[in-house]
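Survey of secondary and tertiary structure
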Amino acid sequence: MTVSLIKRSLVLVVAVPLLGLCSPLGAWSQTPASPADGAVDVVNPPADAAKSASGLATKVLIPGNGTEKPTPSDLVNIVYVVRTKDGRTLSSGPASKMQLASISVPGLVEGLQQMVAGEKRRMWMPQELAFKGQSGRPAGPVVFDVTLIEVVPPPAVPADVAAAPADAEKTKSGLASKVIKAGSGTDHPGKKSTVTVHYTGWTTDGKMFDSSVARGKPTSFPLDRVIAGWTEGVQLMVPGETRRFWIPEKLAYQGQDGKPKGMLVFDVELISIDSK
């Protein structure tokens, strides 16, 4: 997901996906239809649109210059406009980067996997492939005009993601960690320090669920506002250090609905201690 899952209860950062494409839902950015856009039949795709078995219809508006099509684990950097049956035109605004698998609009997930970087494609979606009747979202069929700016592969999955190796450090709480790159600093953050980090998180089957590295933007937060494994673990670090953590569920999300389950693995780079 492109929305951080680290914080206990509230969204912490960063690239909040617009138009409610991911969870938690983002805000709508609405713009009126422009005469230059021309009329688009939202219900009936043209005869030359490619149609899939799911009911999605698509048409390439501008060919791309890329060669790789995104997979569910990739991050996609996109801009898009949604046209509704009642004549509204709703814009995403600035480009938004999100993990393809985290997008909750099935038709958009399917359509993006047909695209390459630089391509602009129009997608006609029945309601069941669009917002599925969600409250506060457009009802009925919609049309997405999507530009795929870039495809960003996820960080490599650690070879030891399934379990902490024998040489990992272990604390009384059950937290395990291993220094991947030594730091250049000498200070350690305190329990209430605010820190800036880069991080990637995986479940033990190797599925990435969050990554500031993939988004290309570090994040800052107070250590007393995150899961217990982070509060304890980051205090072991010094600036410049990268450390891998194996965080048992009792120190992570404790089985909360909508959060990653079981032991979680994080690679964390401590960039700076912003306040003690």
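1. Describing the overall build of the protein chain
The secondary structure content of the protein chain amounts to three helices and 15 strands. Sorting the 276 residues of the protein chain into buried and exposed places 46% on the buried side. Taking as baseline every contact in the protein chain between residues at least 6 positions apart, the subset at least 24 positions apart corresponds to 72%. Total accessible area on the protein chain is roughly 12200 Å²; 55% of this is exposed by carbon and sulfur atoms.

2. Thoughts on unusual backbone geometry
A positive phi angle is found at Lys132, which is not glycine, with a value near 55 degrees. Its location among the elements puts Lys132 in the loop between strand 7 (120-125) and strand 8 (142-152). Judged by relative accessible area, Lys132 falls into the partly exposed class, the value being 45%. Its identity as a non-glycine residue notwithstanding, Gln254 has a phi of 55 degrees, on the positive side. Topologically, Gln254 is positioned in the loop between strand 14 (242-247) and strand 15 (264-275). Assessed through its relative accessible area of 57%, Gln254 is described here as exposed.

Cut-offs used in this document
- Throughout this description, residue numbers start from 1 for each chain and increase along the sequence as written.
- Reporting in this predicted model follows two pLDDT cut-offs: at least 70 for local features of residues, and 80 or more for side-chain atom pairs to be given and counted; totals over whole chains, interfaces and linings ignore these cut-offs and use all residues.
- Computation of side-chain values covers all heavy atoms of the structure but excludes hydrogens and water.
- The secondary structure listing takes helices from DSSP runs of H or I that are at least 4 residues long and strands from runs of E that are at least 2 residues long, numbered from the N terminus.
- Per-residue accessibility, obtained with a 1.4 Å probe over protein chains only, is compared with the maximum for each type, and a residue is labelled buried under 20%, exposed over 50%, and partly exposed between these values.
- Should any heavy atoms of two residues lie within 4.5 Å, those residues are considered in contact.
- Note on areas: these come from Shrake-Rupley sampling with a 1.4 Å probe, and a residue is covered only by the protein chains present in the view.

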